[in-house]
Amino acid sequence: MKDNIYGDGPDGIQGDDSFDVNIQPDVSALRMFKSMSFTPWYALGEFVDNSLTSAMKFQEELLAINGPDYKVRIQIDFSPETNDLVIKDNAAGISRQEMQRALRMGKAPQDISVGLSRHGVGMKAAAFWWGARLEIKTYPLGEPHGWLAILDVSEDGEMQGTVTVKPIPSRGFPGSEIRIKGLWQKIPAKKTKHAIRAYLPSIYRSFLGGGAGGEQIGCVLVYEGTELRYENPALLTAPFWPTKDGQLEGAEPRLWKHTFDKTLSTGKRVTGWYGILETMGRDKSGFFLHYRGKGIAGVVPVAPLDSRSGHEAEGAKDAIARSSYKPRRIFGDAGLYPDQSFIGEFDVSDFGKTISTDSPLWSPDEEEEFVEALFLEMTEDDNNNFLKMAKNYRRRGVARETQREIAAAREQEIRRVQESMSGVVEHREVSENESQHYEAPPSLETPVGVEQVDEGGPTKYTIQDRDDHDHTFNLEFVSDRSADFISVYEDRGGLSHTVRVNSSHPMLDGIPLDAKTLLLLERIAFALASAEVFLTMMNKQRVRETMNEHLRLIGTKEFND
């Protein structure tokens, strides 16, 4: 099957300027990239890398022909109608000489001192991860016409071990158009689109006007018609809080940001900065590791996802939070204040990057040495201790961004409650012979990863009633997804009561269990249990039991929009 899209001959190209490129390895090896461990955003990023590298290598020439306001523009579009992916740019294109290398697998650029390309694999790997047929139209800077190359690894493709590169007419300005046809990966749907829009601007923050690399070439990145933007994080300005009781006497407000520069024992250098967020957030915190400005680990968006997008956006935020780079030596347990407070950016270019571009090529020992050096620097000064500040500082009021998130969460919660309970609950009478006594189970399960409010054990209250009886309440957290949210057990004498709060109940899914949240749950559980204990009516436990039934309905409700 012949393609009639080469444009040679009658379109003004003199003679047959075609040439062949011997590609290695063979088609079957290229087809194996279909099973590579890529994420959609990093797979798209491989094409962005090539465009940026092209523009960076020829920045002076592109500025000369386009003017001082030139920025490399990269457009990414999926077409469900034709099942293909198209990436266009206005960079420097691929020259005839460079095309010989670009089509061959594992042939790294001669000069890797500039740009993001390193292994000579990324574009081909990403292309054949997405689909079966790669078409490259490129218009090299300073050459009289462009080039077209097609690599087809589908079962009925004609490609052997050689690719013929054909000339095509010039389009009047340099750049490239990459088209992948016959997609065997799904075209991104709602949740993946939200994640791509959140990830890509964060990965390339240095080129979009924010982040670490202020000297990088400017870039306009457009995904499906929407220009992606990056917003720098707002960092905390406040006096030092050495304890939860308040600020250090005489301390002045300061910006909680500090530079970092460390050469490891292997001779590799890490530079950057760390700080504390003005507004805490599990989807905003974490360290950003970059290779020459491109994020390769810990890529989380500082700008929040559109809260109007409902649970699709929440799902994307969950995925982002899971991918963040948070060394537990520094961030502590998930959900606590430090975990939601620290942010930073670090240049790890000295280590190189993996082929899938999602982590630095450092050894476990090198990573541990970096984390330990950073921890010591953040904590060595008693009057400038970042870890104490993150643990102890208490923010006043609620930020507007948080108010929007609360409003969106409240709207979703209204839907959840209404849809889970409407048509299910009913009025019911309670039989007078139902038992009001409970026997404690033989053993308790200690919750994993849940911090007790009182590290010495269960919270214990002793309450004296007006008849001078001492009632003891032992309140403890358990982790059992099948158990009730709140359970109350009492001895036969009615003076010793055990109250259990289930930290793994479905109704708590998606809610970070920090110290304040746990304290709130304790108060509610104690108030409900004590009300039940001190009431004299029969079958008083039925209110709590019915509440548990309703919470189970709400917690297990799933939306299928």
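Residues numbered from 1 in each chain as written. Predicted model: local features only at pLDDT ≥ 70, side-chain atom pairs only at ≥ 80, totals over all residues. Heavy atoms only, no water.

Another aspect to go through is the overall build of the protein chain. Helix and strand counts for the protein chain come out as 13 helices and 20 strands. Within the protein chain, buried positions represent 49% of all 561 residues. Counted over contacts in the protein chain with a minimum sequence separation of 6, partners at least 24 positions apart contribute 71%. Looking at the protein chain as shown, the accessible area adds up to about 28,100 Å², and 48% of this sits on carbon and sulfur atoms. (Helix = DSSP H or I, 4+ residues; strand = E, 2+ residues; numbered from the N terminus. Buried < 20%, exposed > 50% of the residue type's maximum accessible area, 1.4 Å probe, protein only. Contact = heavy atoms within 4.5 Å. Areas by Shrake-Rupley, 256 points an atom, 1.4 Å probe, with all protein chains shown as cover.)

Turning our attention to helix α9 (residues 364-379). In this model α9 runs 23 Å from its N-terminal to its C-terminal C-alpha over 16 residues, within 8% of the 22 Å that 1.5 Å per residue would give. Those residues of α9 not exposed but buried are E366, F370, V371, A373, L374, F375, M378 and T379. (Expected span 1.5 Å × (residues − 1).)

Now for unusual backbone geometry. Positive phi, close to 55 degrees, is recorded for R292, a residue that is not glycine. Looking at where R292 falls in the secondary structure, it is placed in the loop between β14 (286-291) and β15 (294-297). On the basis of relative accessibility, which here comes to 25%, the residue R292 falls in the partly exposed class.

Here the focus is the sheet that holds strand β17 (residues 459-464). Taken together, the 4 strands give an open sheet; going across it, the order is β17-β18-β20-β19, and neighbouring strands pair in mixed fashion. What marks the edges here is a single partner per strand, and that holds for β17 and β19 (486-490). In this sheet, adjacent strand axes meet at a mean angle of 20 degrees when their direction is disregarded. Examined bridge by bridge, β19 and strand β20 (residues 496-502) share 5 bridges and lie antiparallel to one another. If you follow E490 over to β20, its bridge partner there is H497. (Pairing = 2+ DSSP bridges. Axes fitted to C-alpha atoms, helices over the stretch in contact; angles between N-to-C directions.)

Along the chain, the position of G225 falls in the loop between β8 (219-223) and β9 (226-227). By relative accessible area, which is 65% here, G225 ends up exposed. A C-alpha to C-alpha distance of 7.8 Å links G225 and Q75, two positions 150 residues apart in sequence.

A word on the confidence of the model for the protein chain. For the protein chain, the average pLDDT comes to 79, and 74% of its residues sit at 70 or higher. Considering only residues more than four positions removed or in separate chains, one finds that residues 1-12, a stretch of pLDDT under 50, has 18 contacts. In the model, residues 434-456 has pLDDT below 50 throughout and makes 45 contacts with residues more than four positions away in sequence or in other chains. (pLDDT = per-residue confidence, 0-100.)

With that settled, consider the sheet that holds strand β12 (residues 257-263). Spatial ordering of the open sheet is given by β12-β13-β16-β14-β15, a layout of 5 strands whose pairing is mixed. The sheet terminates laterally at β12 and β15, the two strands that pair on one side only. This sheet shows a mean twist of 30 degrees between the axes of neighbouring strands, independent of strand direction. Where β14 meets strand β16 (residues 342-347), 5 bridges bridge the pair, whose relative direction is parallel. Its bridge partner being in β16, F288 is matched across the sheet by E345.

Okay, the packing of aromatic side chains next. In this structure the tally under the stated criterion is 20 aromatic pairs. Taken together, a centroid distance of 4.2 Å and an interplanar angle of 10 degrees make the contact between W41 and Y199 stacked. Of the two residues, W41 sits in helix α2 (residues 40-57) while Y199 sits in helix α6 (residues 190-203), which places them 158 residues apart along the sequence. For W41, a relative accessible area of 12% translates into the label buried. Pairing F287 with F331 gives two aromatic rings, centres 4.9 Å apart and planes at 70 degrees, and the pair type is edge-to-face. Here F287, found in strand β14, pairs with F331, found in helix α8 (residues 328-331); they are 44 residues apart in sequence, far enough to count as distant. Of the aromatic side chains, those joined through ring pairs into one cluster are F260, F287, Y325, F331, F342, F346, F351, W362 and F370. Over the ring of W256 we find R254; its NZ or CZ atom is 3.9 Å from the centre of that ring. The aromatic ring of F375 is capped on one face by R329, whose charged end is 3.7 Å from the ring centroid. (Phe/Tyr/Trp six-rings, centres within 6.5 Å; stacked < 30°, edge-to-face > 60°. Lys NZ or Arg CZ within 6 Å of the ring centre and 35° of its normal.)

For the coordinates displayed, the defined rule picks out 19 salt bridges. E227 is the partner of R229 in a salt bridge, and the nearest nitrogen-oxygen pair spans 3.4 Å. On the accessibility criterion, R229 (60% relative accessible area) is exposed. Close ionic contact of E532 with R544 constitutes a salt bridge, the shortest N to O distance being 2.7 Å. (Salt bridge = Lys/Arg side-chain N within 4 Å of Asp/Glu carboxyl O.)

A few words now on the pairing of β12. The pairing of β12 with strand β13 (residues 269-276) spans 7 bridges and is classified as antiparallel. Across the sheet, residue H258 finds its bridge partner in β13, namely Y274. Between β12 and β13, which pair antiparallel one after the other, the connecting turn spans 5 residues, and G267 there sits at a positive phi close to 90 degrees.

To continue, consider the packing of α2 against α6. The geometry of α2 relative to α6 is characterised by a closest axis approach of 9 Å and an angle of 50 degrees between their N-to-C directions. By the criterion of interaxial angle, the relationship of α2 to α6 is oblique. You can see that α2 and α6 cross each other, and the crossing is right-handed. Of the residues in α6, those touching α2 at P40, W41, Y42 and L44 are T192, A195, I196, Y199, L200 and I203. A class-by-class count of the residues in the contact of α2 with α6 yields 9 nonpolar, 1 polar and no charged. (Parallel < 35°, antiparallel > 145°, perpendicular 65-115°, else oblique. Left-handed = near helix turned anticlockwise from the far one by under 90°. Nonpolar A, V, L, I, M, F, W, Y, C, P; charged D, E, K, R; others polar.)

In contact at an axis separation of 9 Å, α2 and helix α5 (residues 122-130) are set at 140 degrees when each is read in the N-to-C sense. Looking at the two axes, α2 sits oblique to α5. Judged by the twist between their axes, the crossing of α2 over α5 is left-handed. Note on element contacts: α5 touches α2 through G122, M123, A126, A127, W129 and W130, opposite P40, A43, L44, E46, F47 and N50. Classifying every residue of the contact of α2 with α5 gives 9 nonpolar, 2 polar and 1 charged.

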